[in-house]
Each structure stands twice: as C-alpha cells, then as structure tokens.
Amino acid sequence: MTSTRLPADLRLDADSLRERVVLLTGAGDGIGRAVAEAAAAAGATVVLLGRTQRKLEAVYDQIVADHGRQPAIHVMDLATATVQDYAALAAALQAEYGRLDGIAHVAGTLGARTPLEHYDIALWSRVMLVNLTAPWLLTQACLPLLRQSSDPAVVFASSSVGRTGRAHWGAYAVSKFGIEGMVQVWAEELDGGSKPVRINALNPGPVRTAMRLEAYPAEDRSKLALPAAVAPAFVWALSPASHGVTGQSLDAQ
Ligand SMILES: NC(=O)c1ccc[n+]([C@@H]2O[C@H](COP(=O)([O-])OP(=O)(O)OC[C@H]3O[C@@H](n4cnc5c(N)ncnc54)[C@H](OP(=O)(O)O)[C@@H]3O)[C@@H](O)[C@H]2O)c1
C-alpha cells in the first residue's frame, strides 16, 4: 500500500474550521486532546468524546479559557458502548447542532505486545472493539448528520504497523490494518452523490504520549514529536483545505 504525504506547505488559516462542528474521540489525552485544542483554535465547535470525565473537563476548561467557545462533552467507553449509545449520541448532536461536519477518531488502545501465538482472546476482542468496531459504529450512526454538512470529512488515526506488519504488535496492528481497509471501502461507497463524505486514514507517526511510553518504555522521549506537532494534520483532514482528498493513507510526519 502506498501512503500519501500531506502537502509540504501544510498551513492552516486561523479559521480553517470556522462554523464547523467536529466530534473528536480520545479527546481527553494525548493526540486526541491536542487535536481538540487545535480544532477549537481553528474555529470549530468541538464535541469531546472520551471515557474519563475528569480529563474531558480539563480540556473543556482549557478551550473555554483559550478561545471563549464552549465545547460539548460526551463521556463514552468505546469498549462497552452499544448501538443504542451511538444512536443516542447522534440524536443529541442532531438536536444541538442539526449536523456534523467532521469526526476525528483518535481514541485507541495498545493491547499487549505479544506474539499472535500467545495472544489472549479477550484482549484481542477488546482491542478490535475499541480500535476498529467502535469507530465504524460511531461513523455509521453519524452518517445522516454528516450528510447534512456541506463538506463532511472523517479521519481515522492509523499507524505504521497497520500498513506493514510487525512482530508482536498483535491485535493493535491488525486493528489498524482494518482501519486502512475500512477507509478504502468507505471512501468508495461514500464518494458518489451530491454530498460525498470524505474518509481518510492518518498515521501520526511517533508521538510523545502515554501509549507511546507503554509501547517503548526505554526510548529517549526527548526526540519524539509532541501531540501538538501532529494535531494540524488532523485539522487539515477535517477542513475544506483537504477538499477532494478521500480514501488516502496519510502521514503526519
Ligand atoms: N503516540 C504514537 O506514537 C502513535 C503512533 C501511531 C498511532 N497512534 C494512534 O494515535 C491515536 C492516539 O494515540 P495516543 O498516543 O494519543 O494515545 P493515548 O495518549 O494513550 O490516548 C488514547 C486516548 O484514547 C482514549 N481511549 C482509550 N480507550 C478508550 C475507550 N475504551 N473508550 C474511549 N476512549 C478510550 C484514552 O482515554 P483515557 O485517557 O480516558 O484512557 C485517551 O484519550 C491512537 O489511535 C493510536 O493508535 C499513536
């Protein structure tokens, strides 16, 4: 699979997401938090989805302090959410905003760094649920809302191990391969009609977060990109600046 580089001159206007309503998963920490803050800085009304209320409230307070715009908070555990929960979220967004302009699926879980031969089935199911099935269900539930936007865009956090298999990355790697495949299938299905929905996969590359620390506890973290350095790539994928880009495997670094 070939991956597509973002424009070298990736520059975002301060209002590149002006008047857009975007939903961000994993918004309480790591890359998701940085994407939420960057999206708010770019003028979006942001809906912060995560499983830890305390973390989401901290992001909420930061965004209000920095930009004076009120986000929404939606606490949801993607490991236990039901189809009814996704429908209720979509109904709440419909009632509040009447549409949705974009989704950044950033939440993810690492699982175990274990050979497939010994991978635990319960953990396998949980990683696939959080990393692959939940983003699919959430997008599916929100499609009617996305179709009410003039330029809807969805971006999924991918990974280099979802493009080239690597030993001991287990369900995490397979779930990211699933994301890459789902993006291609969905991009074809949603490309036609008067209101195409753009769908892309974006690999943030190595970023200094809790997940990266869990995966590489011994590495020198000072050399890693900060979440804020890759957030603009997600904002770009959600913004009109990436108009016409769909079904792509993008790289933030
Ligand atoms: N960091 C990297 O180097 C790197 C490289 C390639 C790809 N990625 C991808 O980038 C994305 C963000 O990773 P990150 O490094 O920012 O990870 P992180 O710091 O561990 O953050 C993960 C986020 O996902 C949320 N989350 C985990 N399980 C959840 C669940 N069951 N329900 C709802 N939310 C859940 C976490 O919420 P809590 O904080 O409340 O637990 C957290 O906000 C992931 O999809 C990851 O696979 C990261």
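Our structure is the block above this text.
Criteria and thresholds
Residues numbered from 1 in each chain as written. Predicted model: local features only at pLDDT ≥ 70, side-chain atom pairs only at ≥ 80, totals over all residues. Heavy atoms only, no water. Near = heavy atom within 4 Å. Polar contact = N/O pair within 3.5 Å; in protein donor to acceptor, adjacent residues only side chain to side chain. Areas by Shrake-Rupley, 256 points an atom, 1.4 Å probe, with all protein chains shown as cover. Helix = DSSP H or I, 4+ residues; strand = E, 2+ residues; numbered from the N terminus. Nonpolar A, V, L, I, M, F, W, Y, C, P; charged D, E, K, R; others polar. Core = buried A, V, L, I, M, F, W, Y, C linked by side-chain atoms within 4.5 Å. Buried < 20%, exposed > 50% of the residue type's maximum accessible area, 1.4 Å probe, protein only. Contact = heavy atoms within 4.5 Å. Axes fitted to C-alpha atoms, helices over the stretch in contact; angles between N-to-C directions. Parallel < 35°, antiparallel > 145°, perpendicular 65-115°, else oblique. Left-handed = near helix turned anticlockwise from the far one by under 90°.

Colleague: What should I look at first to understand the site of the ligand in this one?
Modeller: Around the ligand, a shell composed of 29 residues is seen, among which Arg51, Thr52, Lys55, Tyr172 and Thr209 lie nearest. Between the ligand and Lys55, the relevant distance is 2.6 Å, taken from an oxygen atom to a side-chain nitrogen or oxygen of the residue. Between Leu78 and the ligand, the recorded distance is 2.8 Å, taken from a backbone N or O atom to a nitrogen atom. If the ligand stood free it would expose 900 Å²; the protein chains cover 93% of that surface. Of all the elements in the fold, those that place two or more residues in the shell around the ligand are helix H1 (30–41), helix H5 (170–189) and helix H6 (210–215). In the shell around the ligand, the residues fall into 14 nonpolar, nine polar and six charged.

Colleague: What am I meant to see in the nonpolar core here?
Modeller: Generally speaking, a soluble globular protein has its nonpolar side chains buried in company with each other. Among the nonpolar cores identified, the biggest contains 37 residues, and Leu23 and Leu100 are the most heavily contacted of them. In terms of residue count, the dominant contributor to this core is helix H4 (residues 121–146) (eleven residues). Non-local contacts of Leu23, meaning those with residues more than four positions away in its chain, are made with Val47, Leu49, Leu89, Leu93, Leu100, Gly102, Ile103, Ala104, Leu138 and Cys142. Counting residues in hydrophobic clusters, the runner-up holds 34 residues, among them Leu6, Ala27, Val155 and Ala237.

Colleague: Quick question: what am I supposed to make of the packing of H1 against helix H2 (residues 53–67) here?
Modeller: A packed helix pair is summarised by two numbers, namely the angle formed by the two axes and the spacing between the axes. Interhelical geometry of H1 versus H2 gives an angle of 25° and a closest axis separation of 10 Å. When the axes of H1 and H2 are compared, the pair comes out roughly parallel. In this structure, the crossing between H1 and H2 has a hand that is right-handed. Between H1, through Arg33, Ala36, Glu37, Ala40 and Ala41, and H2, the contact on the second element is made entirely by Ala58, Val59, Gln62, Ile63 and His67. Here the residues of the contact of H1 with H2 are counted per class, giving six nonpolar, two polar and two charged.

Colleague: How do you make sense of the environment of Val183 when you look at a structure like this?
Modeller: Note that Val183 resides in helix H5. Along the sequence, Val183 and Ile199 sit 16 residues apart, while their C-alpha atoms lie 6.0 Å from each other. Apart from the residues lying within four places of it in its own chain, the contact partners of Val183 are Phe156, Ile199, Asn200, Ala201, Gly247 and Gln248.

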